[in-house]
Amino acid sequence: MASKPDETRDGVGLTNLDQPLFDGAEATKRDLVDYLDAVHERILPELRERPLSVLRIRPGQEPFMQKNVPKYTPDYVKTVTVWAEASKREVSYALCDDRKTLLWFANQRAVEYHPTLMRADRWDRVTHLVLDLDPPEGETFGLAVQAAHLVRQALTDCGLAGAVKTSGAKGVHVIVPIDDQLPIEDAAAATRAIAARAERIDPDLATTAYIKQDRGGRVFIDSTRAGGATVAAAYSPRIRPGAPVSFPVGWDDIDQVTPRDFTIRNTPKLLGDRDPWAEQLPAPQTVPADVLEEGRAIPVARVQAMHEGKRRKRARREAGEEV
């Protein structure tokens with residue numbers, strides 16, 4: 001028998017609100033619900049009409065990524081069915097289009113919200129390019145910020161503009177809205193070219209090396225978020241100590257912040273009536289032809305890394321080392 005809700009909002013019964021959210025969150029499930037409700041008008045434009053993956057966490061368990069909606073999903077949650085080539089099966093993704101659905105997810109202890117880069121009605125086009133700045137181990141957020149400025153310079157040099165936000169984890173996301181002219185392969189190529197151009201500005205600071213041991217303490221400019229990939233939405237909470245959120249900071253202020261400055265407890269007050277992400281996102285842009293041309297000549301990172309891994313393994317075997 002289902003437990004009686006602690007309260008009901010927008011027709012959604014909310015339960016166990018006073019339970020701790022997760023170890024180290026310094027927050028309860030109620031704090032998560034209150035936060036997502038407070039920012040729903042800002043986060044929903046990031047999620048609406050996009051197949052959604054969420055990271056959930058149940059008491060005493062490890063976090064898990066949920067793509068396929070569970071059988072008990074209520075009828076008011078809109079879904080879209082997609083063929084997943086990797087797992088050779090159909091996946092029924094939720095579309096989080098309204099406050100009621102967002103509250104249902106919050107009650108399911110869905111902490112992180114990772115929408116696709118494309119909309120459900122246009123699977124052959126992404127709406128933005130993503131450069132994910134992943135710093136080396138340790139307290140290195142400042143390095144990720146420096147690398148983000150390299151990406152900004154590379155974008156400026158080719159006539160493009162991006163908006164910046166903390167990832168809510170340890171890095172920075174630069175988001176570049178684009179028009180719907182590019183096939184997915186070309187959008188991926190454009191992302192690779194921008195990353196390569198940023199790396200060339202300061203190769204001692206940043207690298208596009210996909211294999212971790214090749215990065216040498218530098219910031220990884222991850223250009224692999226394309227196609228069916230997802231990215232943590234602006235305003236999404238993260239399962240990290242203190243329950244931080246991915247927060248739009250702006251180029252003028254990114255040097256003065258840390259990811260821990262923005263949490264589910266303080267973000268609504270920091271925002272007030274503003275929506276800084278909507279304010280900062282440029283209008284969709286056309287990617288220049290020379291950027292596409294450069295990107296098409298750059299190998300896909302995962303494929304290149306796979307071949308390089310096999311080559312190194314073969315070299316070690318031939319040298320008589322243990323593999």
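Predicted model only: the values in this text are computed from it and were never measured. (Residues numbered from 1 in each chain as written. Predicted model: local features only at pLDDT ≥ 70, side-chain atom pairs only at ≥ 80, totals over all residues. Heavy atoms only, no water.)

What to know about the layout of surface pockets
- By volume, the largest pocket is sized at about 540 Å³.
- Taken together, 31 residues form the lining of the largest pocket, with Arg-50, Arg-119, Thr-127, His-128 and Leu-281 sitting closest to its centre.
- Mapped by element, the contributors of at least two residues to the lining of the largest pocket are α2 (40-47), β10 (172-177) and α7 (276-280).
- The greatest single-element share of the lining of the largest pocket, amounting to three residues, is contributed by α2.
- Here the lining of the largest pocket is composed, by residue class, of 17 nonpolar, three polar and eleven charged.
- Here the lining of the largest pocket spans two domains, and each of domain 1 (14-116 + 230-280) and domain 2 (128-229 + 284-307) adds at least three residues to it.
- Lining of the second largest pocket is provided by 20 residues; of these, His-114, Asp-132, Arg-225, Thr-230 and Val-231 occupy positions nearest its centre.
- The greatest single-element share of the lining of the second largest pocket, amounting to three residues, is contributed by strand β8 (residues 128-134). (1 Å grid on protein atoms, 1.4 Å probe; cavity = no way out; pocket = protein on both sides within 12 Å on 5 of 7 lines; lining within 4 Å. Points joined across faces, edges and corners; volume = space filled by probe spheres on them. Helix = DSSP H or I, 4+ residues; strand = E, 2+ residues; numbered from the N terminus. Nonpolar A, V, L, I, M, F, W, Y, C, P; charged D, E, K, R; others polar. Domains from an automatic or database assignment.)

Section: helix α8 (residues 289-296)
- By the burial criterion, the buried members of α8 are Val-291, Leu-292 and Gly-295. Relative to the axis of α8, the buried residues are bounded by an arc of 100° and lie together on one face. Exposed and facing more than 90 degrees away from the buried side of α8 are Ala-289 and Glu-293.
- For α8, the elements touching its buried residues are α5 (184-201). (Buried < 20%, exposed > 50% of the residue type's maximum accessible area, 1.4 Å probe, protein only. Arc of directions from axis to C-beta. Contact = heavy atoms within 4.5 Å.)

Overview of the UniProt feature "domain: DNA ligase D polymerase" (unreviewed entry) in the chain
- Those places that UniProt annotates as "domain: DNA ligase D polymerase" (unreviewed entry) correspond, in this numbering, to residues 28-277.
- With 28% helix and 21% strand, residues 28-277 has end C-alpha atoms that lie 26 Å from one another. (UniProt positions renumbered as here; feature names shortened; annotations may be inferred.)

Side note on the sheet that holds β10
- Spatially, β9-β10-β8-β12-β11 is the arrangement adopted by the five strands of the open sheet, whose pairing is mixed. Edge positions in the open sheet fall to β9 (163-166) and β11 (206-207), since each of these has one partner strand only.
- Two elements, β8 and strand β12 (residues 219-222), share three bridges in a ladder whose sense is antiparallel. From the neighbouring strand, Asp-134 faces β12, where its bridge partner is Phe-220.
- Across the sheet, helix α4 (residues 141-157) is in contact with β8, β9, β10, β11 and β12; its angle to β10 comes to roughly 20°.
- Along the sheet face, α5 touches β8, β11 and β12 and points at about 40° away from the line of β8. (Pairing = 2+ DSSP bridges. Axes fitted to C-alpha atoms, helices over the stretch in contact; angles between N-to-C directions.)

Digging into the nonpolar core
- Phe-105, Tyr-113, Leu-133, Val-151 and Val-174 are the most contacted members of the largest nonpolar core, which has 87 residues in total.
- Tallying contributions element by element places α4 first for this core, with nine residues.
- Counting contributing residues, this core receives three or more from each of domain 1 (14-116 + 230-280) and domain 2 (128-229 + 284-307).
- Membership of the second largest hydrophobic core comes to seven residues, among which are Val-80, Ala-84, Val-91 and Leu-95. (Core = buried A, V, L, I, M, F, W, Y, C linked by side-chain atoms within 4.5 Å.)

Here's the deal with the side chain of Arg-56
- Relative to the helices and strands, Arg-56 resides in strand β3 (residues 51-56).
- The charged side chain of Arg-56 is buried without a salt bridge, its nearest counter-charge being Glu-112 at 13 Å.
- At 3.5 Å, the side chain of Arg-56 and the side chain of Tyr-72 are in polar contact. (Lys, Arg positive; Asp, Glu negative; His and termini not counted. Salt bridge = Lys/Arg side-chain N within 4 Å of Asp/Glu carboxyl O. Polar contact = N/O pair within 3.5 Å; in protein donor to acceptor, adjacent residues only side chain to side chain.)

Re unusual backbone geometry
- We note that Glu-49 has phi near 65°; this positive angle belongs to a residue other than glycine.
- Here Glu-49 lies in the loop between α2 and β3.
- Notably, Ala-243 is not glycine yet its phi reads approximately 50°, a positive angle.
- Relative to the helices and strands, Ala-243 resides in the loop between β12 and α6 (267-271).

Some details on the environment of Lys-67
- As for its placement among the helices and strands, Lys-67 is situated in the loop between β4 (64-66) and β5 (78-84).
- The contact partners of Lys-67, leaving out residues within four places of it in the chain, are Leu-52, Ser-53, Val-91, Ser-92 and Tyr-93.
- A distance of 3.4 Å separates polar atoms of two side chains, one belonging to Lys-67 and the other to Ser-53.

Brief notes about the domain arrangement of the chain
- Domain annotation for the chain reports domain 1 (14-116 + 230-280) and domain 2 (128-229 + 284-307).
- Between the C-alpha centres of domain 1 and domain 2 there is a distance of 24 Å.
- Listed per partner, the contact involves 27 residues of domain 1 and 22 residues of domain 2.
- Buried surface at the junction of domain 1 and domain 2, summed over both partners, amounts to about 2100 Å²; 62% is from carbon and sulfur atoms.
- On the surface where domain 1 and domain 2 come into contact, there are one salt bridge.
- Residues Arg-260 and Glu-139 are paired through a salt bridge, measuring 3.4 Å at the closest nitrogen-oxygen approach.
- Along the contact surface separating domain 1 from domain 2 lie ten residue pairs in polar contact (both at pLDDT 80 or more).
- A class-by-class count of the residues in the side of domain 1 that touches domain 2 yields 16 nonpolar, six polar and five charged. (Buried area = accessible area lost by both parts, 1.4 Å probe.)

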